[in-house]
Amino acid sequence: MAKIAVLPGDGIGPEIIDEAVKVLKVLNLPLEMASAPVGGAGYEASGHPLPDATLQLAKDSDAILFGAVGDWKYDTLDRPLRPEQAILGLRKALGLFANFRPAICYEQLTHASSLKPELVAGLDILIIRELTGDIYFGQPRGRRVATDGHFPGAEEAFDTMRYSRPEIERIAHVAFQAARKRQGRVTSVDKANVLETFQFWKDVVTDVAKEYPDVTLDHMYVDNAAMQLVKEPKRFDVVVTGNMFGDILSDEASMLTGSIGMLPSASLNTKNQGLYEPSHGSAPDIAGKGIANPLATILSAAMMLRYSLNDAANADRIESAVKDVLAQGLRTPDIYSDGTRKVGTAEMGDAVVQALQK
Ligand code: NAD
């Protein structure tokens with residue numbers, strides 16, 4: 001029996017998680033789901049955004065289904081007590097180094113993209129971002145008085161970009177294995193022409209590729225990748241890159257689909273234990289109104305089945321059910337357009353359940 005930690009969080013978190021749990025339950029899988037407070041809800045319950053009991057539950061589970069955290073009422077708290085710290089705490093405690101951000105453009109929603117429909121119709125890209133290294137975590141970092149450079153004696157700040165061979169190898173393996181379950185193509189994004197760290201990245205990814213002769217690898221500079229994502233996004237299958245480039249490119253790619261309420265994500269560790277969450281936040285502006293789009297969370301549950309529970313068949317079933325409800329013309333307000341039918345959060349979840357039962 002697989003154990004799932006269900007962490008609804010704040011704002012629309014509980015509403016959208018309810019719908020994902022509803023969908024998982026109808027599949028009748030051998031899952032044991034246990035819920036715990038996190039984020040602002042964790043702070044209210046026990047004075048910390050990631051209460052000990054919640055962290056323990058997460059550690060003891062095969063996967064975590066996470067809603068969203070945050071609310072402006074916590075903005076005045078000290079930084080370590082803010083809701084968003086719960087995500088950083090979970091990433092660190094579980095060693096979640098591989099971030100999966102798919103960008104899929106559903107046929108019925110092509111008009112929501114800022115690009116021409118023919119450029120995005122049928123788009124299905126998976127961006128894999130290394131999540132625990134790079135310039136975001138490299139030491140040393142800080143502020144000091146410059147002793148050299150263009151302005152010796154001036155105040156300056158600095159960070160350190162660094163990657164070790166094992167860090168690059170493990171994210172490369174994740175990318176090649178993911179590509180095997182897709183179209184079998186990996187694009188490694190770097191800045192090898194300027195940065196030593198990314199020449200090394202390129203060399204190590206090239207070494208790892210030798211173990212995957214069935215997968216095609218190409219390399220692209222990050223500036224070109226940013227351009228190609230808006231020029232010809234369908235050329236990509238799996239894109240793998242470092243923490244900083246991945247941060248930027250995954251947001252760019254996700255916006256190609258035009259709708260934040262549709263985008264799932266996953267963060268995995270070496271044991272395939274994962275945290276699955278929608279790419280959006282807690283949307284306090286619409287919380288409690290029953291109008292949030294639950295599809296990103298439902299699709300995150302599908303990713304959980306695929307990547308942590310090795311159940312691609314049921315993941316496919318959920319994804320097809322989502323396509324089915326879109327084809328029926330059902331839309332939450334964020335994706336509504338003329339000629340479609342506006343529904344609320346629960347009605348959308350119910351429709352996915354019905355599509356699964358067909
Ligand atoms: P947000 O993603 O919560 O909302 C941005 C806009 O998108 C809002 O207008 C919101 O109504 C809309 N939106 C988001 N999800 C939606 C959905 N499922 N259905 C319909 N509309 C949706 O980002 P924000 O407003 O910048 O941040 C709000 C709070 O969320 C902040 O406290 C922020 O720190 C937090 N946040 C949390 C996470 C997370 O939990 N992983 C991620 C980003 C932001």
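Caption draft 1: Geometry of the domain arrangement of the protein chain. Per the domain assignment, the segments of the protein chain are domain 1 (1-97 + 269-358) and domain 2 (101-131 + 165-262). Centre-to-centre separation of domain 1 and domain 2, based on C-alpha positions: 24 Å. Taken together, the contact pairs 21 residues of domain 1 with 18 residues of domain 2. Summing both sides of the interface, domain 1 and domain 2 together bury roughly 1700 Å²; the carbon and sulfur share of this comes to 66%. Counting across the interface, domain 1 meets domain 2 through four residue pairs in polar contact (both at pLDDT 80 or more). Ranked by the residues each element gives to the side of domain 1 that touches domain 2, the list is headed by helix α10 (residues 295-307), at six residues.

Caption draft 2: Representation of the packing of aromatic side chains within the structure. Across all of its chains, the model carries seven aromatic pairs by this definition. On the basis of an interplanar angle of 65° and a centroid distance of 4.8 Å, the ring pair of F100 and Y307 is categorised as edge-to-face. Of this pair, F100 sits in strand β4 (residues 98-104) while Y307 sits in helix α10, and the two are 207 residues apart along the sequence. Here Y307 falls in the buried class, since its relative accessible area comes to 13%. A centroid spacing of 5.0 Å and a plane angle of 15° characterise the contact between F176 and Y212, whose relative ring orientation is stacked.

Caption draft 3: Molecular detail of the side chain of S254. Looking at where S254 falls in the secondary structure, it is placed in helix α9 (residues 243-255). With near-sequence residues (within four places) excluded, S254 lies in contact with R101, A103 and L263.

Caption draft 4: Region of the structure containing the packing of α10 against helix α11 (residues 312-327). One can describe the packing of α10 onto α11 by two numbers: an axis separation of 7 Å at closest approach and a directional angle of 160°. The pairing of α10 with α11 is recorded here as roughly antiparallel in orientation. Crossing of α10 over α11 shows left-handed handedness. Two secondary-structure elements touch here, α10 through L295, I298, L299, A302, L305 and R306 and α11 through A312, N314, A315, D316, I318, E319, V322 and L326. Of the residues contributing to the contact of α10 with α11, the split by class is 10 nonpolar, one polar and three charged.

Caption draft 5: Highlighting the pairing of strand β12 (residues 274-278). For β12, the tally of buried residues reaches five of five residues, placing the bulk of the element in the interior. The alternating pattern of β12 places G274, Y276 and P278 on one face and L275 and E277 on the opposite face, and all of these are buried. In terms of strand pairing, strand β11 (residues 264-268) meets β12 through five bridges, oriented antiparallel. Bridge pairing in β12 links S265 to E277.

Caption draft 6: Quick peek at unusual backbone geometry. With an omega dihedral of 0°, the bond running from Q139 to P140 counts as a cis peptide bond. Of note in this structure, N28 is not a glycine but carries a positive phi near 55°. You can see N28 is positioned in the loop between α1 (13-26) and β2 (31-35). N28 gets classed as exposed once you look at its relative accessible area, which sits at 69%. For A283, which is not glycine, the phi torsion reads 40° and is therefore positive. Along the chain, the position of A283 falls in the loop between β12 and α10.

Caption draft 7: Spotlight on the sheet that holds strand β3 (residues 63-68). Taken together, the 10 strands give an open sheet; going across it, the order is β2-β1-β3-β12-β11-β4-β5-β10-β8-β9, and neighbouring strands pair in mixed fashion. Two strands close off the open sheet at either side, each with one partner strand: β2 and β9 (216-221). Neighbour-to-neighbour, the strand axes of this sheet turn through a mean angle of 20°, independent of strand direction. Its contacts with the sheet place helix α3 (residues 52-59) against β1 (2-9), β2 and β3, and it is angled at close to 145° to β1.

Caption draft 8: Fine view of helix α6 (residues 165-180). Compared with an ideal rise of 1.5 Å per residue, which puts 16 residues at 22 Å, α6 spans 23 Å between its outermost C-alpha atoms and is within 8% of the ideal. For α6, the full list of buried residues reads E167, I168, I171, A172, V174, A175, F176, A178 and A179. Check the buried side of α6 and you find it contacts β4, β5 (124-130), β8 (185-190), α7 (196-209), β9 and β10 (238-241).

Caption draft 9: Broad picture of the nonpolar core. Ranked by internal contacts, the top residues of the largest apolar core, which has 86 residues, are L65, F100, I128, F176, M262 and Y276. When residues in this core are grouped by element, the largest group, nine residues, is from α10. Counting contributing residues per domain, this core is built from domain 1 (1-97 + 269-358) and domain 2 (101-131 + 165-262), each supplying no fewer than three. Non-local contacts of I128, meaning those with residues more than four positions away in its chain, are made with N99, F100, I171, V174, A175, A178, V238, V239, V240 and T241. Membership of the second largest hydrophobic core comes to 17 residues, among which are A36, L55, I64 and L96.

What counts, and at which threshold
Residues numbered from 1 in each chain as written. Predicted model: local features only at pLDDT ≥ 70, side-chain atom pairs only at ≥ 80, totals over all residues. Heavy atoms only, no water. Domains from an automatic or database assignment. Contact = heavy atoms within 4.5 Å. Buried area = accessible area lost by both parts, 1.4 Å probe. Polar contact = N/O pair within 3.5 Å; in protein donor to acceptor, adjacent residues only side chain to side chain. Helix = DSSP H or I, 4+ residues; strand = E, 2+ residues; numbered from the N terminus. Phe/Tyr/Trp six-rings, centres within 6.5 Å; stacked < 30°, edge-to-face > 60°. Buried < 20%, exposed > 50% of the residue type's maximum accessible area, 1.4 Å probe, protein only. Axes fitted to C-alpha atoms, helices over the stretch in contact; angles between N-to-C directions. Parallel < 35°, antiparallel > 145°, perpendicular 65-115°, else oblique. Left-handed = near helix turned anticlockwise from the far one by under 90°. Nonpolar A, V, L, I, M, F, W, Y, C, P; charged D, E, K, R; others polar. Pairing = 2+ DSSP bridges. Expected span 1.5 Å × (residues − 1). Core = buried A, V, L, I, M, F, W, Y, C linked by side-chain atoms within 4.5 Å.

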